[in-house]
Every structure is written in structure tokens, then in C-alpha cells.
Amino acid sequence: ELRKALERLGRGKFFARPMAMLNQEALDNLLNELLRAVKYLSKNSIGALIIIERETGINDFIETGIKIDGLVTAEFMINIFIPKSPLHDGAVIIRGDRIIAASCFLPLSENPNLSKELGTRHRAALGLTEQSDALAIIISEETGVISVAEDGKLTRYLDEATLKELLNKRLQNRQNTNLSLFNWRF
């Protein structure tokens, strides 16, 4: 329990780095590229785990993967998750409009009440969102179902329009909060 408390303190807002500031055009472009990738991956039942870093830094998990630092495009994301490609296992972590790392290992949720039908990908998304404010997009390899994990809770069976609305709301709210705090400080 002490170890978990120290981990949370280390990942807490005290040591947090704010989400990269994106202007509205860059945010819209990021959302469009993410949605195009998710649509393709879902339609073709290609499993994926996409993590969007927000305020809480998740460098410990970035270090477990292969560092990339490439611009988020649908084609790039799709290529990463193609089965049997070198980077397809694990999570992709996005910071701002950049894919920072791929093939990252995440902590599994220790929640004993999770449904038995949830696989490792979903449990990893929940595990990370229990420890940070990151947002996780999960595409099921078996069914193509799109889910989002946030704050240790899973929202399943999303369609493209609902996903777009959810992402826009969550990322826009964080950006506005960061901008208002930024303006207040100066």
C-alpha cells in the first residue's frame, strides 16, 4: 500500500506536466486523424490501445516502449497496429499531436469486479486510468468494439460520432482549463 501511495504521489498533479497546448486547428486535426484510424481498426477488427496523455505525466510507461516522436496520422497509427508488425503489441502513447512511444506496457487493473469478458487490453487501459488522468481508446480485436477508459471506468460500444463527441469534450475541457490557468499566472 505504501508503494502504491508513493506511485500515485509521483504521478500526481504536484509533479504533473500540463497537456501540450494545441490550438483549435491542431486539436481538430488530431481528433480527425484519431477518428479515421479508430474507424479503420474497428471495421477490420484490429485490436488497439491508444493512450492520450493529459495533465499527469506518464513517462514511466513511455519508457517501457519504443520511442517514436512522430506526428499522429491515421495511416501511421494503422501501420503500428497491423497484426504481426514489430510494434503492434502494447499501447501507443500520444502527447499533444505526437505519438511519443509504441509497444508500451501498462499496469493491469486490480479491480476484482471487472467482467471476465474483458481482455488484457481493456484491463491495461483501466489500470493506467486508475493511476493517471490519461484517456484510453480501446479497439477489441475479437469484436471491433470501440471503448474508452477514463478515471478507472470503461465506456463501451461507442460509435464514431459518440467517440468524437466524447474526445472533443474531454480534450477541449482540459485545454480550456490549462489556458485559463496559464493566463491567470501571467
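Residues numbered from 1 in each chain as written. Predicted model: local features only at pLDDT ≥ 70, side-chain atom pairs only at ≥ 80, totals over all residues. Heavy atoms only, no water.

1. Description of the overall build of the protein
What counts, and what does not: Each helix corresponds to a stretch of at least 4 residues labelled H or I by DSSP, and each strand to a stretch of at least 2 residues labelled E; elements are numbered beginning at the N terminus. Buried, partly exposed and exposed residues are distinguished by accessible area as a fraction of the type maximum, computed with a 1.4 Å probe on protein chains only: under 20%, between the cut-offs, and over 50%, respectively. We call two residues contacting when some pair of their heavy atoms lies within 4.5 Å. Accessible surface is estimated by sampling points in the Shrake-Rupley manner with a 1.4 Å probe; for residues, cover comes only from the protein chains shown.
The helix and strand tally for the protein stands at six helices and seven strands. For the protein, with 186 residues in total, the buried portion stands at 47%. Partitioning the intrachain contacts of the protein with sequence separation of at least 6 by distance along the chain shows that 63% fall at a separation of at least 24. When the accessible surface of the protein is summed, it comes to about 10100 Å², and 53% of that surface belongs to carbon and sulfur atoms.

2. Details of the confidence of the model for the protein
Reading predicted coordinates in detail is not appropriate for stretches of low pLDDT. Convention followed: A residue's pLDDT is the confidence the predictor assigns to it, expressed on a 0 to 100 scale.
Within the protein, residue pLDDT values average 86, and 82% of them lie at 70 or more. Per-residue pLDDT stays below 50 along residues 13-20; that stretch engages in 20 contacts with residues further than four places along the chain or on separate chains. Of the regions scoring below 50 in pLDDT, residues 177-186 engages in five contacts with residues more than four places distant in sequence or in other chains.

3. Quick look at the sheet that holds strand β2 (residues 66-71)
Stated precisely, the cut-off is as follows: Strand pairing is defined by DSSP finding a minimum of two bridges between the two strands. To get an axis, fit a line to the C-alpha atoms, keeping to the stretch in contact for a helix; angles then go from 0 to 180 degrees between the N-to-C directions.
Strand order across the open sheet formed by seven strands is β2-β4-β3-β1-β5-β6-β7, with mixed pairing between neighbours. Both edges of this open sheet fall to β2 and β7 (153-158), since each of them pairs with a single strand only. Each adjacent strand pair in this sheet contributes to an overall mean axis angle of 20°, direction not counted. Pairing geometry for β2 and strand β4 (residues 98-104), over four bridges, is antiparallel. Considered in β4, the bridge of Gly70 is made with Ile99. In the packing of helix α5 (residues 120-131) onto the sheet, the strands contacted are β1 (48-52), β5 (135-139), β6 (146-150) and β7, and the crossing angle to β5 comes to about 175°.

4. What to know about helix α4 (residues 74-81)
Selection criterion: Arc definition: directions from the helix axis to the C-beta atoms.
Among all positions of α4, only Ala74, Met77, Ile78, Ile80 and Phe81 are buried. What you see down the axis of α4 is that its buried residues fit within an arc of 160°, all on one side.

5. Quick notes on the pairing of strand β3 (residues 91-95)
Of all five residues that make up β3, five are buried, and the element is covered over most of its length. The alternating pattern of β3 places Ala91, Ile93 and Arg95 on one face and Val92 and Ile94 on the opposite face, and all of these are buried. Across three bridges, β1 lies against β3 in parallel orientation. Paired with Ile52 across the bridge in β3 is Ile94. Two strands pair when backbone bridges link them, and β3 and β4 are joined in this way by four bridges, in the antiparallel orientation. Bridge pairing links Arg95 to Arg98 in β4. Between β3 and the antiparallel strand that follows it, β4, lie two residues; Gly96 among them carries a positive phi value of about 65°.

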